[in-house]
Amino acid sequence: MKATLVICALLGLCACGGPVPTPGPDNTEWEQRPLQYARSFTIEARGNERRLTVFGPGGRTDTTDVYVLSPDGTQDLSIPMQRLAVVSTTHLSYIQALGRLRTVVGAAHLDRIVDNELRSALSQGAVDIGTADGLDRERLIALAPDAVLDYPFGRSDVGPQLFGIPRIAVTEYLEEHPLGRAEWLRFFGVLLGCEALSDSLFTQIQERYAAEVVADPQGRPRVFFGSVWQGQWFVPPNGSYMATLVQDAGAALVFGDRRGGENVAVDLETVLNACADADHFGAILAVDGTPDALALVGGDSRLATLRAVQQGGFHGNSATRDLFGKALLEPDLVLRDLACIFHPARCNAHVPLYFAPIE
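Residues numbered from 1 in each chain as written. Predicted model: local features only at pLDDT ≥ 70, side-chain atom pairs only at ≥ 80, totals over all residues. Heavy atoms only, no water.

Undergrad: Can you help me understand the overall build of the protein in this one?
TA: Each helix and strand in the protein was counted, giving 13 helices and 21 strands. Since a compact globule built from 359 residues should have a radius of gyration of about 21 Å, the 21 Å found for the protein is in line with a globular shape. Counting only carbon and sulfur atoms, one obtains 50% of the accessible surface of the protein, whose full area is about 16,700 Å². Seen as two clouds, the 29 positive and the 43 negative side-chain charges of the protein have centres 2 Å apart. (Helix = DSSP H or I, 4+ residues; strand = E, 2+ residues; numbered from the N terminus. Rg over C-alpha atoms; globule rule 2.2 N^0.38 Å. Areas by Shrake-Rupley, 256 points an atom, 1.4 Å probe, with all protein chains shown as cover. Lys, Arg positive; Asp, Glu negative; His and termini not counted. Charge placed at Lys NZ, Arg CZ, Asp CG, Glu CD.)

Undergrad: Could you clarify how one ought to interpret the state of the cysteines in this entry?
TA: What is meant by a disulfide is a covalent connection between two cysteines, made through their sulfur atoms. A complete count under the given rule lists one disulfide for this structure. Between the sulfur atoms of C340 and its disulfide partner C347 the distance amounts to 1.9 Å. Looking along the S-S bond of the C340-C347 disulfide, the torsion reads about -80 degrees, which is the left-handed sense. Residues C340 and C347 agree in their burial class; the two are buried. (Disulfide = S-S within 2.5 Å. Buried < 20%, exposed > 50% of the residue type's maximum accessible area, 1.4 Å probe, protein only.)

Undergrad: Where do I start with the packing of helix α8 (residues 241–248) against helix α13 (residues 331–342) in this structure?
TA: For any two helices packed against each other, the geometry is given by the interaxial angle and the distance between the axes. Relative orientation of the contacting elements α8 and α13 amounts to 55 degrees, with a least axis distance of 9 Å. In terms of orientation, α8 lies oblique with respect to α13. Classified by chirality, the crossing of α13 by α8 is right-handed. In this structure, α8 uses M242, L245, V246 and D248 to contact α13, whose residues at the interface are P331, V334, L335, L338 and F342. Of the residues in the contact of α8 with α13, the class split is eight nonpolar, no polar and one charged. (Axes fitted to C-alpha atoms, helices over the stretch in contact; angles between N-to-C directions. Parallel < 35°, antiparallel > 145°, perpendicular 65-115°, else oblique. Left-handed = near helix turned anticlockwise from the far one by under 90°. Contact = heavy atoms within 4.5 Å. Nonpolar A, V, L, I, M, F, W, Y, C, P; charged D, E, K, R; others polar.)

Undergrad: What exactly am I supposed to notice about α13 here?
TA: With twelve residues, α13 should reach 16 Å at 1.5 Å per residue; the first-to-last C-alpha distance of 16 Å fits that figure. Of all twelve residues making up α13, eleven are buried, and the element is well covered by its neighbours. (Expected span 1.5 Å × (residues − 1).)

Undergrad: Could you clarify how one ought to interpret the pattern of salt bridges in this entry?
TA: Working definition: two side chains of opposite charge can pair if their charged atoms are close together. As enumerated under the stated definition, the model contains 14 salt bridges in all. The salt bridge partner of R186 is D199, with a shortest N-O separation of 2.9 Å. Here R186, found in helix α6 (residues 184–191), pairs with D199, found in helix α7 (residues 195–212); they are 13 residues apart in sequence, far enough to count as distant. Using a relative accessible area of 10% as the deciding quantity, one classes R186 as buried. (Salt bridge = Lys/Arg side-chain N within 4 Å of Asp/Glu carboxyl O.)

Undergrad: Could you clarify how one ought to interpret the environment of R39 in this entry?
TA: Mapping R39 onto the fold places it in the loop between β1 (31–33) and β2 (41–46). Sequence spacing of R39 and W184 is 145 residues, and the spatial spacing of their C-alpha atoms is 9.7 Å. In this view, R39 contacts F55, R60 and E175; residues no more than four positions away in its chain are not counted.

Undergrad: Would you explain the side chain of E212 in this entry?
TA: Note on placement: E212 falls in helix α7. Discounting residues that sit within four places of it in the chain, E212 has contacts with D248, D332, L335, R336 and R346.

Undergrad: Got a minute to help me understand the packing of aromatic side chains in this structure?
TA: Two aromatic rings, taken as a pair, are described by how far apart their centres are and by the angle between their planes. Throughout the structure, instances matching the rule amount to 13 aromatic pairs. Ring centres of F224 and W233 lie 5.7 Å apart, and the angle between their planes is 70 degrees; on these two criteria the pair is classed as edge-to-face. Considered together, F224 and W233 belong to a single accessibility category, that of buried residues. On the numbers, 5.6 Å between centres and 80 degrees between planes, the contact of F314 with F342 is edge-to-face. You can see F314 sitting in strand β20 (residues 313–317) and its partner F342 sitting in helix α13, a full 28 residues away along the chain. (Phe/Tyr/Trp six-rings, centres within 6.5 Å; stacked < 30°, edge-to-face > 60°.)

Below is the structure:
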């Protein structure tokens, strides 16, 4: 709530746009704008033109696409964009934070939006372009958006256009640091002509996050965190998004020595042995109602009896909390939830927002 109020206050003081840089001579070199944490995109400036480069899972050697934008229509894409179609509901929170939801004319799967405020705002002007099989081609074409914001996760069909409409790849999910995902706000700031505002908002997110880091914990509890699929557990590797949050919340991650860009597969017996002396057991779920111990461990009764589950179990329920949208722009509040779970003496009457102990 505090972070939301800060963003709302800023939107009242700042408007998208502001002074537009004057163009330089034709031979002006591109100047790279420094990013603090994000590694999956770059921003370059040349006068009033912008160049956005988006990278894939291979990092800086894996360029997904390059977009050159200008306000005068001399490049492939014009900014600020006035009409957007959005494939992933995750990206809507970035646009909302910049106060530009009115630019969203179409979005896929509006019924899956968890945040009531966001769903209500979009219902005023956005059309659902999602179908059970993908996207509604006719509806999307009829909307005539300036671009479609898409995600190339696990797909090989991502190209420069979708049904003749420019397609912009967004790969925020590849960022390993929570502040890296939040810094994609600056990417959206370029598209929407809100660079000064997006820079300011990110700076404040960064400052709030730093204030929540548990720098000197009185001991680090051992925390297991994972997800289960068809009896197979997957755990975040060292340096990943969740591993960083657990570390910054003053805890030590079980299997924290595992490395790699993707979640690491771990069999059930290994999980049982490793969690025998763990202090906490956590997972992200998508369930109706309030999860219990059995829901937390995917229905396995052996795991449900572990002390880490019975006394230290916690969850993030994506069915009731916007863990994959608004939470990305409130990493400080996510961190506070986790710190209060791992070090309850730090927090007296804390009300969880994204992660909570099981009941």
